[in-house]
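Results of the structural survey
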Amino acid sequence: MARYTGRLSNISLPDIDILDEEKEKSHYKTARIASKRHNTYKDGLSLVQGRITEIKSNYLYKVEVEGQTYNASMSGRLKQFLYSSQALAAVGDLVSVDTSAEPDKRIEHILPRKNALIRYGSGSYQKEIILAANIDQVIITSSWRMPNFKAGLIDRYLCIAAIQGLEAIVVINKIDLLEDPAELDEETAYYRRIGIPLVCTSVLDGAGLNELKELLKDKDSVFTGHSGTGKSSLINYLEPSLQLATAEVSDFNEKGKHTTTQAILLPWSFGGHLLDTPGIKTITLHSEDKAMIPKVFPGFEALHQDCRFRDCSHIHEENCAVLKALEEDRIPITRYDSYRSIYESL
Ligand SMILES: Nc1nc2c(ncn2[C@@H]2O[C@H](COP(=O)(O)OP(=O)(O)O)[C@@H](O)[C@H]2O)c(=O)[nH]1
Ligand SMILES: [Mg+2]
Ligand SMILES: [Zn+2]
């Protein structure tokens, strides 16, 4: 799937909005430039590269350096920028850390971000909150039954992932509840044909879980998908020491506690990290994303380039490559209907 940079929005689940956009804020740039200049005449530092895994407060961070986690503070000259922004550093940020100040490390530089997941605060003034930086992939988790598999939801999540510049893997969990394999083939054939990685899993019998582990290994992943599809169960299966609460309890807390729960980057024992986003249910599409949908809808990206109009909506235009593919049965009508419903909902 193509990666789009540019404006994006959320990954989300039902109620709440979430992950979002790739945007370099001018004050971060300023902060980085200032720190760079400073460094050219500051001696005596012993700098190593690290990764912020948790933000305890504006003044206390957890930083992973070569597989070990340390407490770290922010250097004085970076701290001045804290007043101009919600938080200068985000979970997932790559940083240079001064190790000469034992026992705690000190963050001296924040390196440029590859991407940032942003959610919006609730209320009339939708403040952007950076959830995490430098995440590789989204694991779009669905279940075959309880709740029933809905391809339209997968399409929505795939659009969000593409808009955010994240790779996507589709998981169909609870495959132990499959009665008719032909039905599964029919639902998944299109995604397989267009090359989307898709894994069928069950935490009851372990089906597909080694395959999933291979895809998670050495990558930084965030799980998304509706409540009850088995995200916590899958994560607990892969990393039993985590013991995440399963649905009922955590849903209650999410509603009861309401926000401000920080995302945490947890290392997998087999390599890579899990971005745990307690209290954040999902990422949703925003109306500004509408113009991207004709380009990022699963399987449309290559076709879109052959449409006569660059801003083709694939609905009424002449010489539309998507409508042609639909006529020739290269796109199933179910997927085209799903496209229309996402496009028109925004
Ligand atoms: N049959 C079956 N049930 C599962 C499977 N995975 C999870 N569940 C059940 O589905 C429910 C929701 O799981 P949970 O992990 O809390 O979902 P989450 O809301 O996505 O985190 C729980 O009752 C689990 O026991 C599976 O592979 N097969
Ligand atoms: Mg859960
Ligand atoms: Zn078109």
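Below is a short write-up of the structure.

Looking at the overall build of the protein
Helix and strand counts for the protein stand at eleven helices and 13 strands. By residue count, 49% of the 346 residues in the protein fall in the buried class. Relative to all contacts within the protein whose residues are 6 or more apart in sequence, the contacts with residues 24 or more apart total 68%. If you sum the accessible surface of the protein, you get close to 16,400 Å²; carbon and sulfur atoms cover 51% of it.

Structural notes on the environment of serine 338
You can see serine 338 is positioned in helix H11 (residues 333-345). Sequence-wise, serine 338 and alanine 151 are 187 residues apart; in three dimensions their C-alpha atoms are separated by 8.3 Å. Excluding its chain neighbours within four sequence positions, the residues that come into contact with serine 338 are Gly152, Asp155 and Phe297.

Considering the side chain of serine 142
Take serine 142: it is sitting in strand S8 (residues 137-143). A relative accessible area of 9% places serine 142 in the buried class. Other than its neighbours up to four places away in sequence, serine 142 contacts Phe149, Ile154, Val171, Ile172, Asn173 and Thr229.

Examining the coordination of the zinc ion (ligand 3)
Here the zinc ion (ligand 3) is held by the protein donor atoms Cys307 (SG), Cys312 (SG), His314 (ND1) and Cys320 (SG), which lie 2.1 to 2.4 Å from it. Note that the zinc ion (ligand 3) binds four donor atoms; their angles at the metal cover 104 to 114 degrees, and the shape is tetrahedral. Here the donor residues of the zinc ion (ligand 3) share one chain and are spaced in sequence as C-x4-C-x1-H-x5-C. Cysteine 312 shares its class with cysteine 307; the two are buried.

Digging into the sheet that holds strand S1 (residues 47-55)
An order of S1-S2-S3-S5-S4 is seen for the five strands of this closed barrel, with the pairing classed as mixed. Going across the sheet, the axis of each strand differs from the next one's by a mean of 55 degrees, ignoring polarity. With four bridges connecting them, strand S4 (residues 94-98) and strand S5 (residues 105-110) associate as antiparallel partners. Note on S5: the bridge partner recorded for aspartate 98 is arginine 106.

Some details on the packing of aromatic side chains
Counting across every chain of the model gives eight aromatic pairs. Between phenylalanine 300 and tyrosine 339, the ring centres sit 5.0 Å apart and the planes meet at 55 degrees, which makes this aromatic pair tilted. In this pair, phenylalanine 300 sits in helix H9 (residues 300-304) while tyrosine 339 sits in helix H11, placing the two residues 39 residues apart along the sequence. Of the residues examined, phenylalanine 300 reaches a relative accessible area of 0% and is grouped as buried. Taking relative accessible area as the criterion, tyrosine 339 reaches 0% and is therefore assigned buried. Every member of this aromatic cluster is reached through a ring pair, and the members are Phe297, Phe300, Tyr336, Tyr339 and Tyr343. Taking the ring centre of tyrosine 70 as reference, the NZ or CZ of lysine 105 above it sits at 4.3 Å. Over the aromatic face of tyrosine 343 sits the side chain of lysine 290, whose NZ or CZ is 4.6 Å from the ring centroid.

Observations concerning the nonpolar core
Generally speaking, soluble globular proteins have nonpolar side chains that are buried together. Counting 66 residues, the largest nonpolar core has Val63, Ile107, Ile172 and Leu275 as the members making the most contacts within it. Looking at this core, the element that brings in the most residues is helix H3 (residues 151-164), giving nine residues. What isoleucine 172 contacts, discounting residues up to four positions off in sequence, is Ser142, Ser143, Trp144, Phe149, Leu184, Thr188, Leu198, Val199, Cys200 and Thr201. By size, the runner-up hydrophobic cluster in this structure holds 14 residues, among which are Leu209, Leu212, Leu216 and Trp268.

Some points on unusual backbone geometry
Glycine aside, negative phi is the norm for most residues, and most peptide bonds take the trans geometry. A cis geometry characterises the amide bond from methionine 146 onward to proline 147, with omega recorded as -5 degrees. The residue histidine 314 is not glycine, and still its phi comes out positive at about 60 degrees. The topology assignment puts histidine 314 in the loop between H9 and helix H10 (321-327). The phi dihedral of asparagine 319 falls on the positive side, at around 50 degrees, and the residue is not glycine. Secondary-structure assignment places asparagine 319 in the loop between H9 and H10.

A few points about the pairing of S4
Remember that side chains alternate between the two faces of the sheet whenever the strand is regular. Where burial is concerned, most of S4 is hidden: four out of the five residues are buried. Direction of pairing for S1 relative to S4: antiparallel, over a ladder of five bridges. Pairing of arginine 51 across the sheet is with leucine 94, part of S4. The hairpin formed by S4 and S5 contains six residues between the paired strands.

Details of the environment of isoleucine 293
With respect to the element layout, isoleucine 293 can be found in helix H8 (residues 293-296). Measuring from C-alpha to C-alpha, the distance between isoleucine 293 and isoleucine 160 comes to 9.0 Å, with 133 residues separating the pair along the chain. When residues no more than four places from it in sequence are discounted, the contact partners of isoleucine 293 are Cys159, Ile163, Leu285, Tyr339, Ile342, Tyr343 and Leu346.

Scoring rules and cut-offs
- Residues numbered from 1 in each chain as written.
- Chains lettered and ligands numbered in written order.
- Predicted model: local features only at pLDDT ≥ 70, side-chain atom pairs only at ≥ 80, totals over all residues.
- Heavy atoms only, no water.
- Helix = DSSP H or I, 4+ residues; strand = E, 2+ residues; numbered from the N terminus.
- Buried < 20%, exposed > 50% of the residue type's maximum accessible area, 1.4 Å probe, protein only.
- Contact = heavy atoms within 4.5 Å.
- Areas by Shrake-Rupley, 256 points an atom, 1.4 Å probe, with all protein chains shown as cover.
- Donors = N, O, S within 2.8 Å, 3.2 Å for Na, K, Ca; no water.
- Tetrahedral: all angles 85-135°; square planar, octahedral: opposite > 155°, others 65-115°.
- Pairing = 2+ DSSP bridges.
- Axes fitted to C-alpha atoms, helices over the stretch in contact; angles between N-to-C directions.
- Phe/Tyr/Trp six-rings, centres within 6.5 Å; stacked < 30°, edge-to-face > 60°.
- Lys NZ or Arg CZ within 6 Å of the ring centre and 35° of its normal.
- Core = buried A, V, L, I, M, F, W, Y, C linked by side-chain atoms within 4.5 Å.

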